[in-house]
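Letter by letter, the chains look like this.
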Amino acid sequence: MSGVRAAARVGHQRTVPAAERAWSADPYADALRAGRGPLFLRRADGRLLPLDVERWCAEADAADLEVLRRCEGAVLDVGCGPGRLVAALGARGRSVLGIDVSEAAVAHTVGRGGPALLRSVFDPLPGTGRWGTALLLDGNVGIGGDPVALLRRVARLVVAGGLLIVETVPCPDVDERVLVQVTDARRPPGAPFPWARLGTPALLRCAAGAGWRADGQWSAGGRSFVALRAE
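Given the structure is predicted, the values throughout are model-derived calculations rather than measurements.

(A) Fine view of the sheet that holds strand β1 (residues 40-43). Ordered in space as β2-β1-β8-β9, the four strands form an open sheet in which the pairing is antiparallel. At either margin of the open sheet sits one strand with a lone partner, and together these are β2 (48-50) and β9 (193-198). The average undirected angle you get between the axes of adjacent strands in this sheet is 45°. Contacts from helix α8 (residues 200-208) reach β8 (175-183) and β9, with the element oriented near 110° to β9.

Spelled out as structure tokens, the structure:
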């Protein structure tokens, strides 16, 4: 992955689809700049799903460090947010790249000294087929609202036998495909976009049809994780 760090700092201009603009618009961008919420995903039924902005903007915690300890080779952080994992890996001398559709998130990551690109996971990406590990943490297995399509895409990004670490919903029975809006519960919410929420059993079902096999499960800090190995 030579040259990834330098190239990533240059950034990339792209036309952002309407469903992704919510992550670059208020109130998400404001929350990242402030380093705190409140911030939620609002479901069509009115239920608010809290987003842990404070943890995302903090340094990597013990649960994060356990994930990073398991990473192999060069690491692609899909939906890197404000870059705590990218920064932590970079500080350890690891080859890493964060990608995100939020301009504020990419700017925050670069500001922490981490390489990041303004891209969707479904865009052309550097290092396709050569990443040793991909990360889908902080609910990012929900990207696009179609976990099988997302997992198939990530399988094409990693090396043969590559590793994917996914954070799942701690409630194991969760298996949802929903429309959500980003909101701070004060201003009008942004445009709706598809999202998914998966507990570990649902993730494993999706993975089995998307080119992955289970390679481990664990919990830390009240969070749940699954390691998958590309077939």
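(B) Quick peek at the sheet that holds strand β3 (residues 75-78). Here we have seven strands laid out as an open sheet, ordered β5-β4-β3-β6-β7-β11-β10, and mixed in their pairing. Every interior strand has two partners, whereas the edge strands, β5 (116-118) and β10 (212-220), have only one. Each strand of the sheet is rotated relative to its neighbour by a mean of 20°, with strand direction disregarded. Strand direction decides the pairing type here: strand β6 (residues 131-136) and strand β7 (residues 158-168), joined by five bridges, are parallel. Across the sheet, L136 pairs through a bridge with V166, a residue of β7. Packed on one face of the sheet, helix α6 (residues 103-111) meets β4 (96-100) and β5 and runs near 160° to β5.

(C) A look at the nonpolar core. In terms of nonpolar packing, the biggest core is built from 48 residues, with L151, L164 and W212 touching the most fellow members. Apart from residues lying up to four places away in sequence, L164 is in contact with A134, L135, L136, L151, V154, W212, V226, A227 and L228. With 22 residues, the next largest nonpolar core counts C80, L89, L118 and L135 among its residues.

(D) Just the packing of helix α7 (residues 147-157) against α8, in detail. Running from amino to carboxyl end, α7 crosses α8 at an angle of 60°, the nearest separation of the two axes being 9 Å. When the interaxial angle is binned, α7 and α8 end up oblique. For the element pair α7 and α8, the recorded crossing hand is right-handed. Taken together, the residues of α8 that come into contact with α7 (itself represented by P147, V148 and L151) are L203, C206 and A207.

(E) Structural view of the side chain of R55. Note on placement: R55 falls in helix α3 (residues 53-57). Among the polar contacts made by the side chain of R55, one reaches the side chain of D52 at a distance of 3.1 Å. Only 3.2 Å separates the side chain of R55 from the side chain of D138, close enough to count as a polar contact. Sequence-distant contacts of R55, defined by excluding residues within four places in its chain, comprise D61, D64, R84, D138, E167 and R223.

Criteria and thresholds
- Residues numbered from 1 in each chain as written.
- Predicted model: local features only at pLDDT ≥ 70, side-chain atom pairs only at ≥ 80, totals over all residues.
- Heavy atoms only, no water.
- Pairing = 2+ DSSP bridges.
- Helix = DSSP H or I, 4+ residues; strand = E, 2+ residues; numbered from the N terminus.
- Axes fitted to C-alpha atoms, helices over the stretch in contact; angles between N-to-C directions.
- Contact = heavy atoms within 4.5 Å.
- Core = buried A, V, L, I, M, F, W, Y, C linked by side-chain atoms within 4.5 Å.
- Buried < 20%, exposed > 50% of the residue type's maximum accessible area, 1.4 Å probe, protein only.
- Parallel < 35°, antiparallel > 145°, perpendicular 65-115°, else oblique.
- Left-handed = near helix turned anticlockwise from the far one by under 90°.
- Polar contact = N/O pair within 3.5 Å; in protein donor to acceptor, adjacent residues only side chain to side chain.

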